[in-house]
Amino acid sequence: MVDLSTRYLGLELKNPLVASASPLSKKLDGIRRLEDAGVSAVVMYSLFEEQIVHESLALDHYLTRGSDSFAEALTYFPDLGRYNVGPEGYLELIRKAKESVGIPIIGSLNGVSSGGWIEYARLIQEAGADALELNLYYLPTDPALTAAELEANYVGLVADIHKQIRIPLAVKLSPFFTALPHFAQQMVQAGAKGLVLFNRFYQPDFDIETLEVVPSLVLSTSEELRLPLRWIAILYGRVAADMALSSGVHTGQDVIKALMAGAKVAMTTSALLKHGLKRAGEILQEMQAWMETFEYQSVQQMIGSMSQQAVAEPAAFERANYMKALLTYDNRLIY
Amino acid sequence: MSRNVITIDANEAVAHVAYRLNEVIAIYPITPSSGMGELADEWSAKRIPNIWGTVPLVVEMQSEGGAAGAVHGALQTGSLSTTFTASQGLLLMIPNMYKIAGELTPTVFHVSARTVATHALSIFGDHSDVMATRQTGWALLASRSVQEAHDNALIAQAATLESRVPFLHFFDGFRTSHEINKIEFLSEDDLRAMINYELVSQHRARALSPDHPVIRGTAQNPDVFFQSRERCNPYYQACPEIVQKVMDRFAQLTGRQYHLFDYAGAPDAERVIILMGSGAETAEETARYLMERGEKVGVVTVHLYRPFSARHLLGVLPATVRKIAVLDRTKEPGAAGEPLYEDVVAAVYEGLNQGFAPFSQAPVIVGGRYGLSSKEFTPAMVKAVFDELKQDLPRNHFTVGIEDDVTHLSLAYDPSFSIEDPQTVRCVFFGLGADGTVSANKNSIKIIGEETDNYAQGYFVYDSKKSGSVTISHLRFGPKPIRAPYLIGEGDANFVACHQFSFLERLDVLKYAKPGGVFLLNSIYPADKVWDELPREVQEAIIAKKLRFYVIDAYEVANKTGMGGRINTIMQTCFFAISGVLPQEEAIAQIKKSIQKTYGKRGEAVVQRNFAAVDQALAHLQEVKVPDKVTANRTRRKPVADEAPEFVRETLAPMMIFEGDRLPVSKLPADGTFPTGTAKWEKRNIALEIPVWDPEVCIQCGKCVMVCPHAVIRMKVYDPKYLENAPATFKSTDARFKEFPGMKYTLQVSPEDCTGCALCVEACPAKNKSQVGLKAINMAPQPPLREQERENWEFFLSLPEVDRTAISVSTVKNSQLLEPLFEFSGACAGCGETPYLKLMSQLFGDRVVIANATGCSSIYGGNLPTTPWTFNREGRGPAWSNSLFEDNAEFGLGMRLTIDKQTEFARELLQSLAAEVGESLVDAILNADQRSEAGIREQRQRVALLKERLAGIKDFRARLLMDVADFLVRKSVWIVGGDGWAYDIGYGGLDHVLASGRDVNILVLDTEVYSNTGGQASKATPRAAVAKFAANGKGLPKKDLGLIAMTYGYVYVAKVAMGANDQHTLRAFLEADAYEGPSLIIAYSHCIAHGIDMRKGLDQQKLAVQAGVWPLFRYNPMLLEEGKNPLVLDSKEPSIPVSEYAYNETRYRMLTQSDEQRAEMLLKAAQEDVKRRWLQYKQMAEMIMRINGNGHEGVPAQD
């Protein structure tokens, strides 16, 4: 029997497959089903800073608009007492999840400013979350904003949140940093115990008939695994953080690659959305079967085994690897 | 015992008592009583119990008649039951009221007394409704203030249980129902102390129960009915004493002593006024003032009007009384006098005859009318009545408060007479509905009333527009209780605030200012620049009255702090800072506390924004150093242009600037008839941005014109020669219409009538190829464009209208060349209803008669001062009327019956006069094909010729025919109303009219709520949506009115959504009008009450159709004749989940925020509804309809 257990952010996990932040964790029932499907931990769907602010302002706007203007209709809606526009619903879900499932629950916050909302981090901890994942999801559009400023903001934010909580903090990054290892290092220094690589950005599409920009969400494929795989392999051993690979985890083999690169866990959502929750069990089975076939005894054994520092040809992860890939591609064309 | 002191209006004060003392509450919305039902429903949804620990069951009925019936049934089976209503609603309850009284059933109905519609509807207050119930056998108990309404709600309940006489408890609509005042709140212990449970138990014991069966509601014959009817006398005889005893008990409990009749004034008064309601408080305060100045005057306040106790009345009158004026807040044309007057005359007569009068000689008694429809009733008017009583022969049947220059019944009064207490601070605020002024002032009143020792009062005046409406807030506060149920008078306000600079150009805001007072202005001009920007009159008033003058750029602060257009907290902060009612720091702390309380539940972000606005406000407040001389040459704008017709200038214009009170009787029509085509004179200039046309991008599709709710964007095709005199900036391009080669095309906007809703921009399908963010029309700031576009608009109007006979109107593009005869309504910016009405007016307006149910459409359609219904250059246009809410279908049917009858008569006469008129003309008229515009025009020409010939014919039949000849030209009847009417209160009539087979067109503007009264649920409200009266989200699906109508088989039915498919809408309108039987169009009308971005109203319509929530279809009985299935499904199978549509709307979304589980459950059910309905429709549409291969036999005969 192979040992699938791993340790991520100080949490003992029964296997390395974790459900990443997604709509699957929006309901208690979904979280229960994820546990039943076999994942070892659940990252909750993200509590968005902008969403909370927006919902609150929008509710106020529409409840207020048109009121006290016309004698017969001084308001247009009944007063329902309390509205769940703050984090209360989210916190309640964490509380209930902790009561209902045995696997660790990781809260997820999505925001970019150091405003009053970081208080939510503490509330998530108080609600019983075992860890917190901070999702840095920001698209800089202002040409006056430098990379250094933006990174400094991020570092400040991580430090601020770290101060709020005792539970471990992981930071989910985007792949678009000029000097990722340095930035990752700064994250760790600011208090991040874990790094989740990477965020997937929603990439809008154009409808050229209606001339509209249309939001689109394409589920990941195993192809996307390669970007985080490389970076985890590079960071492993260089940055003192537990790493999670997120993006492109669809098969048992994908999980194995993640671990070999140096990740403590692999996170998945697309595979579950595409094939249903049963896919989690299948992935674990594939993984187990592979490990049995190739006589691996434990996950621990393979973590980081193909990191840049561990491979025979460290340059394979660098520019030479790029050239090699091109060559392979050319060869294919010739055949 | 110390009680809570709270600052609320009378609706809330009454509801608090009624809710806690009842078990079954049947409600129906009607202004101004809706607030009571809304609160009861909210409290029930929040599971708040009554004094017996159970949550009252609150149920909305289909009409007030239904509510009364439900209450009757609940009472009969032993519940404590109540309802709230007013005006026509109360009239609908009368049949049940007779029964409830006849059966000696204890209950209290709470009525915010409102005018009954006569020559016009009015939502405002008087006693014409309650007076119409005085014969029902109910006790009538009147309250004159917020505190009294609160107290009497309890007194009435205690008295009805003891006397078994049902009670109607009333207080003045708006003046009291909506006045916010500081009151002592009755605790649950108070309620328990006053309500004797033994009496409740007896009520239960009398209930119908199969466990101890009886029958009630028998039919009786001449032998015993009369005796039975007299059997109740002892109860009525006992009732007044019972009420007085209850009042005495109440006084022991609370210290507030009431009597059936309360006398106040000189013990040796010679002149006395008797009246009831809020006016009594004014009269009493005035009498006190005059008495202190030596006048021998007094006032009797009537509390218990029925049963009318002559002995109690005479018991309070001083023996010294020589003259009595009885004031009625109602009018009974043709009566010997108004009801209270007649009662007093009879009482005095009886008292003298039977020896219980305090005087031996009959006093002179005169009656007068005052305060109809919330007309102001001020101390000056009270004084005028007392002064009149000084005459040897005072005028009888007088009026006060108006100038009657027709029958000269009105008493003159001195408007400058004021009894305001110098210690009371009086403040008047002018604001826009949208800027939050009223909300801020309601808030301020609460702060002053509840957080300081001051007494406080707030009353709010609104105009009748739903967009760009002006509000005037009247606030009083001071160390003494405020008993002044009338507006702050001219020259009486210590503080005047104008929250919109532009008002200074139109309205005389400073007429309210007291010399030495304060003027606060929201101004984009800073303190050192503002003076020269003020109109001359404003400068003059500031100097003459020596006002202290402050400015703040509230919009700048609002922008900086993310408040958008809401300047409420900013102006509120300035008010507190200047008025000094509280120390500044404390004031700010209190404002913030109240912000937290009001907005906290909506989220921290809202609170923080408001806090920021408060914090920034003071830094921007500046005092203006007032120069000592007037510098402006510019004066206030005239309310209407000089070219306006005399009636508009003389009668309507004063109303536009809040000066309608000054109009004398002679200026108004005797029968409620007004000219159309008057909205165009208002020029309200409320749009901040207007659409600007880009001819290069435009594809001339007409969609923007079609959706414009206000008819401010129009297109014309015309001969290039007309451009010779065009203004320099007038835009034109080659017309792209196959019917009009070589012609020019212009799309023009009326800058001063536009509301800036941007619906047109949303509808525009043409995008700029180089910059897709731009379309063929784009919003741009109005002020810089105003003058230029006004000139262009005038020129555009001067261009000839398209020849209606030259085009086929079956395409959107062509139809939008037709002149709209519905324009510039005061509907909400972006209204979803008005585009349908405008379309109807374009297609059929020159031959249509409209019956309009009460509701939004009757308000923006017919609320003075102006009407959007208008006429064309030939003088033809829609003729419009509103009868009632409940009878609109029948009203419209009556119009059809006239048309059918008179047409028949005209044809009969024509045939009989064939020889004299000429056979060929007669034949041509009788056999005319009027299905097309050309056919109608030709028929009009024939009828014109006919009239010429008739003029020369001496036969009396020619005279008869002359009067009905116009009926020979085809007329359309459109019956218009909202879902409240069609699905609920008017459904019975609507059903009958559909069944009648007559050629009427019924247009249901379905907003899925009672929009006009503030968003109460109707049977059209969809499942899962929150509405008032469905505060937990509607649990049952929307009634399928279309499906019901289809069951007749001979009714044309269409369900349309202009935003989803405009061509389909157009087609349905044309088919409905063409169909010579009853037609029903149910039109999706997005609404402010949905809580949507109104610019996205059309998108929501599209999503509603895609989600299958609003399937488009047409059921055309004519297809049956062709052997085809009459039902055509015009939309595709649902392609998106209901949530994708619904959760763009606050009405659905707010339930997810308040009760997520229920929201989910209801949404799931709503999704099932969609599936089920779609399957049903699909099956129906796919059925093979051939009957024996021959199809249907056609429409039924109309008899």
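Further up the page is the structure itself.
Conventions used here
- Residues numbered from 1 in each chain as written.
- Chains lettered and ligands numbered in written order.
- Predicted model: local features only at pLDDT ≥ 70, side-chain atom pairs only at ≥ 80, totals over all residues.
- Helix = DSSP H or I, 4+ residues; strand = E, 2+ residues; numbered from the N terminus.
- Rg over C-alpha atoms; globule rule 2.2 N^0.38 Å.
- Buried ≥ 20, exposed ≤ 12 C-beta atoms within 10 Å, placed from the backbone.
- Contact = placed C-beta atoms within 7 Å.
- Pairing = 2+ DSSP bridges.
- Axes fitted to C-alpha atoms, helices over the stretch in contact; angles between N-to-C directions.

Colleague: Account for the overall build of chain B, with residues named and values stated.
Modeller: Each helix and strand in chain B was counted, giving 42 helices and 40 strands. Taken over C-alpha atoms, the radius of gyration comes to 32 Å for chain B, in line with the 33 Å a tight globule of 1199 residues would show. In terms of its C-alpha atoms, chain B occupies a principal-axis envelope of roughly 90 × 85 × 75 Å. Taken over 1199 residues, chain B has a buried fraction of 55%. For chain B, the share of sequence-separated contacts (at least 6 apart) that also reach a separation of at least 24 residues comes to 77%.

Colleague: Provide a residue-level description of the overall build of chain A, including the pertinent values.
Modeller: Across its full length, chain A holds 12 helices and 13 strands. Taking 2.2 N^0.38 as the reference for a compact globule, 335 residues should give roughly 20 Å; the C-alpha atoms of chain A span a radius of gyration of 22 Å, in line with that estimate. With the C-alpha coordinates aligned to their principal axes, the bounding extent of chain A is approximately 80 × 45 × 45 Å. Among the 335 residues that make up chain A, the fraction classed as buried is 47%. Long-range pairs, those at least 24 residues apart, make up 72% of the contacts in chain A with a sequence separation of at least 6.

Colleague: Just give me the short version of the sheet that holds strand β16 (residues 410-411) of chain B, but keep the residues and values in it.
Modeller: All names here are of chain B. Pairing is mixed across the open sheet formed by 7 strands, whose spatial order is β9-β11-β10-β13-β14-β15-β16. The outermost strands of the open sheet, each flanked by one partner alone, are β9 (261-265) and β16. Bridge count for strand β10 (residues 271-275) against strand β11 (residues 297-302) is 5 bridges, and the pairing is parallel. Directly across from Ile274, in β11, lies its bridge partner Val300. Against the sheet, helix α11 (residues 278-292) engages β9, β10, β11, β13 (323-328) and β14 (364-370), with an angle of about 160 degrees to β11. Of the strands in this sheet, β10, β11, β13, β14, β15 (398-400) and β16 are in contact with helix α14 (residues 379-388), which crosses β15 at around 150 degrees.

Colleague: Hey, could you go over the interface of chain A and chain B for me, with residue numbers and the actual values?
Modeller: Quoted interface sizes are often the accessible area lost when the parts come together. Chain A puts 32 residues into the contact, and the matching count from chain B is 38 residues. Broken down by element, the side of chain A that touches chain B gets its largest block of residues, 8 residues, from helix α2 (residues 49-64) of chain A.

Colleague: Which residues make up helix α41 (residues 1146-1154) of chain B, and what values go with them?
Modeller: A large share of α41 of chain B lies buried, amounting to 9 of its 9 residues. Every buried residue belonging to α41 of chain B is among Thr1146, Arg1147, Tyr1148, Arg1149, Met1150, Leu1151, Thr1152, Gln1153 and Ser1154 of chain B, and all of these are buried. Where α41 of chain B is buried, its residues contact α2 of chain A together with α40 (1138-1142) and α42 (1156-1182) of chain B.

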